[in-house]
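Read off the chains here:
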Amino acid sequence: MKAKGNPLLYIGGAISGAMVALILMGYVWTPYSPTAMDASAKNQAPSLLHLLGTDNFGRDIFSRVLSGAGTSFLIAVCVVAIGCVFGILIGSLCGYYGGPADVILTRVCDSITAFPSILLALVVVSIIGQGTYNVIFALGILFIPSFARIVRGEFARCRDLNYIRSARLMGVGNVRILFSHILPNTMPVLLSAITIGFNNAILSEASMSFLGIGIQPPYASLGSMLSDSQTYLNSAPWYALSVGGTIALLILGFSLLSEGLQRRAQQGREV
């Protein structure tokens, strides 16, 4: 299905692609070390020497934004991967086979999603401790139910379609039906869910770091940087604007991309 007539897909893809390109650049090169302090360069305004200025420790904000965005991006990728893989396994089995296990797992997923994910993540991290891996683990577990519900609904819709019945009559095994026949047809909806999940993961990680229980200093994190910048809104507003603008562009790009993918999936069903 062509994306013609779907400008959100192009705009979201362009913004997301540009942000990802900058993030990947930050993995291999930054103008300065993200953790290098310079007491003589505190709170300097943006200039050719420091494109986004410096923070209260004299650290280059542009370098720290690249590093912090890279951290958030990596965490979001890991979180979405965990939620997607386990969500597909649980949702496909529940949606295809149904039965008591489907009812129980559905109720468990509903119970988990009834609470704000960030609140549950805060509780989990408070129990297991802080750190990058613990943040990934906590958010990854909490993202499984949302993917499982989406996949379950798609598999339950597809399991009685004619081409699936024909495959059963031809003796095709259930595993092959699940992952070779039904799963590819759920990809348009699943891709949209992945982009939404990516947004939620970035916001969740930033929120946890903003509250001080996510990524810990001296490592850069968009959430902790945004928290630090509050003190200097009047004297160094470029600090908050740079970090907040980065988060906004990341969310905007993937939100538009998700909306474009949803429209594309709807167009495909109509055809």
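Structure shown above.
Below you will find a few notes about this structure.

Reading the values: rules and limits
Residues numbered from 1 in each chain as written. Predicted model: local features only at pLDDT ≥ 70, side-chain atom pairs only at ≥ 80, totals over all residues. Heavy atoms only, no water. Helix = DSSP H or I, 4+ residues; strand = E, 2+ residues; numbered from the N terminus. Buried < 20%, exposed > 50% of the residue type's maximum accessible area, 1.4 Å probe, protein only. Phe/Tyr/Trp six-rings, centres within 6.5 Å; stacked < 30°, edge-to-face > 60°. 1 Å grid on protein atoms, 1.4 Å probe; cavity = no way out; pocket = protein on both sides within 12 Å on 5 of 7 lines; lining within 4 Å. Points joined across faces, edges and corners; volume = space filled by probe spheres on them. Axes fitted to C-alpha atoms, helices over the stretch in contact; angles between N-to-C directions. Left-handed = near helix turned anticlockwise from the far one by under 90°. Parallel < 35°, antiparallel > 145°, perpendicular 65-115°, else oblique. Contact = heavy atoms within 4.5 Å.

Some points on unusual backbone geometry
Next up, step 1: The phi dihedral of Asn43 falls on the positive side, at around 50 degrees, and the residue is not glycine.
Next up, step 2: Note that Asn43 resides in the loop between helix H1 (7–28) and helix H2 (61–97).
Next up, step 3: Owing to a relative accessible area of 23%, Asn43 belongs among the partly exposed residues under this scheme.

Structural notes on the packing of aromatic side chains
Next up, step 1: Summed over all chains, the structure comprises 3 aromatic pairs.
Next up, step 2: Aromatic side chains Phe73 and Phe198 sit 5.4 Å apart centroid to centroid with 65 degrees between the ring planes, which places their arrangement in the edge-to-face category. Here Phe198 lies in helix H7 (residues 174–210) and Phe73 lies in helix H2, a separation of 125 residues in the sequence. Note on accessibility: Phe73 and Phe198 belong to one class, buried.
Next up, step 3: Between Phe198 and Phe254, the aromatic rings sit 4.5 Å apart at their centres with planes inclined by 35 degrees, giving tilted as the arrangement. Within this pair, whereas Phe198 is found in helix H7, its partner Phe254 is found in helix H9 (residues 237–270), the two being separated by 56 residues in sequence. Residue Phe198 shares its accessibility class with Phe254, and that shared class is buried.
Next up, step 4: Taken together through their ring pairs, the aromatic side chains of Phe73, Phe198 and Phe254 make up a single cluster.

As for empty space enclosed by the protein
Next up, step 1: Summed over the entire model, instances satisfying the criterion amount to 1 cavity of 30 Å³ or more.
Next up, step 2: Looking at the largest cavity, its volume works out to about 50 Å³.
Next up, step 3: Around the largest cavity, the lining residues are Ile90, Gly91, Cys94, Leu105, Thr106, Cys109, Ala148, Arg149 and Arg152.

Considerations on the packing of H2 against helix H5 (residues 132–158)
Next up, step 1: Contact geometry for H2 and H5: axes closest at 5 Å, N-to-C directions at 35 degrees. In this structure, the crossing between H2 and H5 has a hand that is right-handed.

Here we look at the packing of helix H4 (residues 117–128) against H5
Next up, step 1: Direction vectors running N to C along H4 and H5 enclose 140 degrees, while the axes themselves pass 9 Å from each other. By the angle between their axes, H4 is oblique relative to H5. As for the relative orientation of H4 and H5, their crossing is right-handed in sense. Contacts between H4 and H5 involve Ser117, Leu120, Ala121, Val124, Val125 and Ile128 on the former and, on the latter, Asn134, Val135, Phe137, Ala138, Leu139 and Leu142.

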